[in-house]
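What follows is the residue order along each chain.
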Amino acid sequence: MSAGTTVIHLIGAISFWYGILYFHYDVQFPESWTGYVPFGGKFKFLTFLNAIIQASYFTLCLLNDIFGTNEVSPRKSSSLRQLKDYVFGAFAWPLALNVGVSFWTLMAIDRELVLPKALDAYFPTWLNHVMHTNIVIFIVLELFTTFRQYPSRKSALTGLSIFMLAYLVWIHIIKHYAGVWVYPVLNVLEFGQRIVFFIVILLFCLGLYFVGEFLNNKIWASELRQIKSKRNK
């Protein structure tokens, strides 16, 4: 499946980098939008930050396909392979599912809370799917088509927690200086409700790490047993 996985990695990297560049340079939200916040640029959106992580991850995969190895038990695991496996478990998988599930859930409840219909003229449908649908499709394909050894829970959860807490601080900095919440849904929540909302999102994202670890251990059970058996010899 090496050729097939390389194609997936190539398409993923190209599509996500193109989406990032288009979003950054060509998408300009109107100042009349109540959620308009020039402060922080596109880097205030978790969708944008996640897309950068996904694009970087699939680029890492592509580099590993070319210069590294996807063997189950290589003689020596390269730093590139180790970094790729860590980024998948700690960031790429949980953030892709978090962004995708959270976005489409809020869209189903009330799209005005996350992507008002008035923005359709500025944020094209194809870009919406690249940022919120394809990220899930590609990371799930990656889970099933490429073997990896999951990082330790301590290191992965520490990295993911730092990222999510840093983003939480970041959106409060934006609120302080711009006077507007990045996401419309935060405008309709009371202080206590926002606290609960942030806690639920954080716990959901951390929980997704365990989902990824569980699925990876089930999908690649025989390969992981092979590695364990080799180590015990």
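Read on for a plain summary of the structure. (Residues numbered from 1 in each chain as written. Predicted model: local features only at pLDDT ≥ 70, side-chain atom pairs only at ≥ 80, totals over all residues. Heavy atoms only, no water.)

**Remarks on the layout of surface pockets**
By volume, the largest pocket is sized at about 620 Å³. Lining the largest pocket are 30 residues, and of these Leu 46, Thr 47, Ser 102, Tyr 167 and Tyr 183 lie nearest its centre. Going through the elements one at a time, α2 (46–67), α3 (79–110), α6 (153–178) and α7 (191–219) are the ones with two or more residues in the lining of the largest pocket. Approximately 250 Å³ is the volume attributed to the second largest pocket. Around the second largest pocket sit 14 residues that line it, and Ser 77, Gln 82, Asp 85, Gln 149 and Arg 231 are the ones nearest its centre. Elements represented by at least two residues in the lining of the second largest pocket include exactly α3 and α8 (221–232). If you tally residues by element for the lining of the second largest pocket, the top one is α3, at four residues. (1 Å grid on protein atoms, 1.4 Å probe; cavity = no way out; pocket = protein on both sides within 12 Å on 5 of 7 lines; lining within 4 Å. Points joined across faces, edges and corners; volume = space filled by probe spheres on them. Helix = DSSP H or I, 4+ residues; strand = E, 2+ residues; numbered from the N terminus.)

**Structural notes on the pattern of salt bridges**
Across all of its chains, the model carries five salt bridges by this definition. For Asp 85, the salt bridge is made with Lys 84, and the minimal N-O distance between the two is 3.1 Å. In this structure Asp 85 comes out as buried when scored by relative accessible area, which is 7%. The partner of Arg 153 in a salt bridge is Glu 213, with the nearest N and O atoms 2.9 Å apart. Of the two residues, Arg 153 is situated in helix α6 and Glu 213 in helix α7; the sequence distance between them amounts to 60 residues. What makes Glu 213 buried here is its relative accessible area of 12%. (Salt bridge = Lys/Arg side-chain N within 4 Å of Asp/Glu carboxyl O. Buried < 20%, exposed > 50% of the residue type's maximum accessible area, 1.4 Å probe, protein only.)

**What about the side chain of Asn 128?**
Note that Asn 128 resides in helix α4 (residues 125–132). Taking the relative accessible area as the measure of exposure, Asn 128 reaches 8% and is therefore buried. With residues near it in sequence (within four places) discarded, Asn 128 still touches Phe 103, Trp 104, Leu 115, Phe 123 and Thr 133. (Contact = heavy atoms within 4.5 Å.)

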